[in-house]
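Here is how the chains run, residue by residue.
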Amino acid sequence: METVNVISISGGKDSTALWLLAREEETENMKVIFSDVGHEHPETYKYIEYLQENLGEITIIKPDFSDRIMKKREVVQTKWRKDCVPENIIDQALEVLKPTGIPFLDLCLWKGRFPSTMARFCTQELKVIPVYEQIYEPLFQQGKHVVSWQGIRAQESRKRASMPEREMTPEGYEVYRPLIDWDVYDVFKMHDKHGIKPNPLYTQGMGRVGCMPCINSRKDELFEIARRFPEEIERVSDWERIVGLASKRGSATFFTSDERGHGIKEVVEWSKTSRGGKNYDLEKIIALDDVPTCSSQYGLCE
Ligand code: SF4
């Protein structure tokens, strides 16, 4: 049976190193894919183009929620009315319930909410299912054996440390994690060895790249994103307004509404506070006006 090696690229350091390793080992039948969720930083999209130019073809996977949004319009006009949802809420939902072509936003419009740490449907809906349906299933139908290469490292978390290098999934494809024993410096060394620059976001204070921001962003990550890329906060704030209009409750927030604030702009204000979240952290307030051109958690500026 013919094997196809599927390598998922995120624009981050680990998956790039993974691809470089696969090339170094002269892996045959490689299929490199990128799931475009429409919520990455523009630098990441540029970096994907850079990788295509320097390493080879990448198949772009873009989930489409148009049908589900159109079905939701029907639900709004029938079930919401039956449930006595006020007419102004129904009207405003119908006004915004139109596919935008931005997968992350369309997913949230369909759901009427943003994903959260408790309801983390984003990875599943934006990456896992589309990759399975658009890549793996057609390969299975052609009788191919699929090996899914994953750039996971044991150092990243206890959960990842417990993952084996190889395993078969119940869905019938094999998972291969050749970087499991690598440290972060091995990853950057791999870039150097092959003359491939890492995603520039790693020299702009970012520890990780991907959704900008991710629903799991820590306080310091959000602070760094907000001071360097305020336009990303503005974009998400606008998404909160749009998704709020598509929601029965009439509001939606990117981060769970709690003592940190209601809405991303309030949570950004909280990110400027010291431990306890009550008072502004003076060092952070000074840092807002003193953004270094190059800063890296991985020593890439030295
Ligand atoms: S990176 Fe974060 S926000 Fe994006 S799909 Fe994954 S969990 Fe969701």
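You'll find the structure just up there.
Basis of the calculations
Residues numbered from 1 in each chain as written. Predicted model: local features only at pLDDT ≥ 70, side-chain atom pairs only at ≥ 80, totals over all residues. Heavy atoms only, no water. Pairing = 2+ DSSP bridges. Helix = DSSP H or I, 4+ residues; strand = E, 2+ residues; numbered from the N terminus. Axes fitted to C-alpha atoms, helices over the stretch in contact; angles between N-to-C directions. Contact = heavy atoms within 4.5 Å. Disulfide = S-S within 2.5 Å. Buried < 20%, exposed > 50% of the residue type's maximum accessible area, 1.4 Å probe, protein only. Polar contact = N/O pair within 3.5 Å; in protein donor to acceptor, adjacent residues only side chain to side chain. Phe/Tyr/Trp six-rings, centres within 6.5 Å; stacked < 30°, edge-to-face > 60°. Expected span 1.5 Å × (residues − 1). Bend = angle between axes of the 7 residues up to and from the residue. Parallel < 35°, antiparallel > 145°, perpendicular 65-115°, else oblique. Nonpolar A, V, L, I, M, F, W, Y, C, P; charged D, E, K, R; others polar. Salt bridge = Lys/Arg side-chain N within 4 Å of Asp/Glu carboxyl O.

**Digging into the sheet that holds strand 1 (residues 3-9)**
The strands that make up a sheet are held in pairs by hydrogen bonds between backbone atoms, and each pair lies either parallel or antiparallel. Pairing is mixed in the open sheet, where six strands are placed in the order 3-2-1-4-6-5. The open sheet has two free edges, formed respectively by strand 3 (59-61) and strand 5 (166-168), since each of these has just one partner strand. Each neighbouring strand pair of the sheet contributes to a mean axis angle of 30 degrees, computed without reference to strand direction. When strand 1 meets strand 4 (residues 145-149), the two strands line up parallel, connected through five bridges. Note on strand 4: the bridge partner recorded for Asn5 is Val147. In the packing of helix 1 (residues 13-24) onto the sheet, contacts are made with strand 1, strand 2 (30-35) and strand 4, and the angle to strand 1 comes to roughly 150 degrees.

**A few points about the state of the cysteines**
Per the counting criterion, the structure on display carries one disulfide. Note on cysteine connectivity: Cys294 is disulfide-linked to Cys301, with sulfurs 2.0 Å apart. In this structure, the disulfide formed by Cys294 and Cys301 twists by about -85 degrees around the S-S bond and is classed as left-handed.

**Description of the side chain of His41**
By secondary structure assignment, the location of His41 is in the loop between strand 2 and helix 2 (42-55). On the basis of relative accessible area, His41 is assigned to the buried category, the value being 5%. In this structure the side chain of His41 is engaged in a polar contact, spanning 2.9 Å, whose partner is the backbone nitrogen of Glu43. What His41 contacts, discounting residues up to four positions off in sequence, is Leu201, Gly210, Met212, Phe229, Glu231 and Glu232.

**Things to note about the packing of aromatic side chains**
Under the defined criterion, the tally for this structure stands at 14 aromatic pairs. A centroid spacing of 5.9 Å and a plane angle of 20 degrees characterise the contact between Phe104 and Trp239, whose relative ring orientation is stacked. With a gap of 135 residues between them, Phe104 in helix 5 (residues 103-111) and Trp239 in helix 10 (residues 230-245) connect regions that are remote in the sequence. For the pair formed by Phe104 and Trp239, the shared burial category is buried. Ring geometry for Tyr132 against Phe140: centres 6.0 Å apart, planes inclined by 65 degrees, an arrangement best described as edge-to-face.

**Side note on helix 3 (residues 66-82)**
Across its 17 residues, helix 3 extends 24 Å between first and last C-alpha, which sits within 8% of the 24 Å expected from 1.5 Å per residue. In helix 3, a bend of some 35 degrees at Val75 exceeds every other bend along the element. Looking at helix 3, one finds that the buried residues are Ile69, Lys72, Val76 and Trp80. In the segment just after helix 3, Cys84 is the residue with positive phi, at about 60 degrees.

**Section: the packing of helix 3 against helix 4 (residues 87-96)**
In contact at an axis separation of 10 Å, helix 3 and helix 4 are set at 175 degrees when each is read in the N-to-C sense. Taken together, the axes of helix 3 and helix 4 lie roughly antiparallel to each other. Residues Arg73, Val76, Gln77, Trp80 and Arg81 of helix 3 touch helix 4, and the partners they reach there are Glu87, Ile89, Ile90, Ala93 and Leu94. Looking at the contact of helix 3 with helix 4 residue by residue, the class counts come to six nonpolar, one polar and three charged.

**Observations concerning the pattern of salt bridges**
Scanning all chains against the criterion turns up 24 salt bridges. Two residues, Glu125 and Arg68, come together in a salt bridge whose shortest N-O distance is 3.5 Å. One end of the pair, Glu125, is in helix 6 (residues 121-141); the other, Arg68, is in helix 3, with 57 residues separating them in the sequence. Shared partners join several salt bridges into a network, and the residues in it are Lys13, Asp14 and Arg153.

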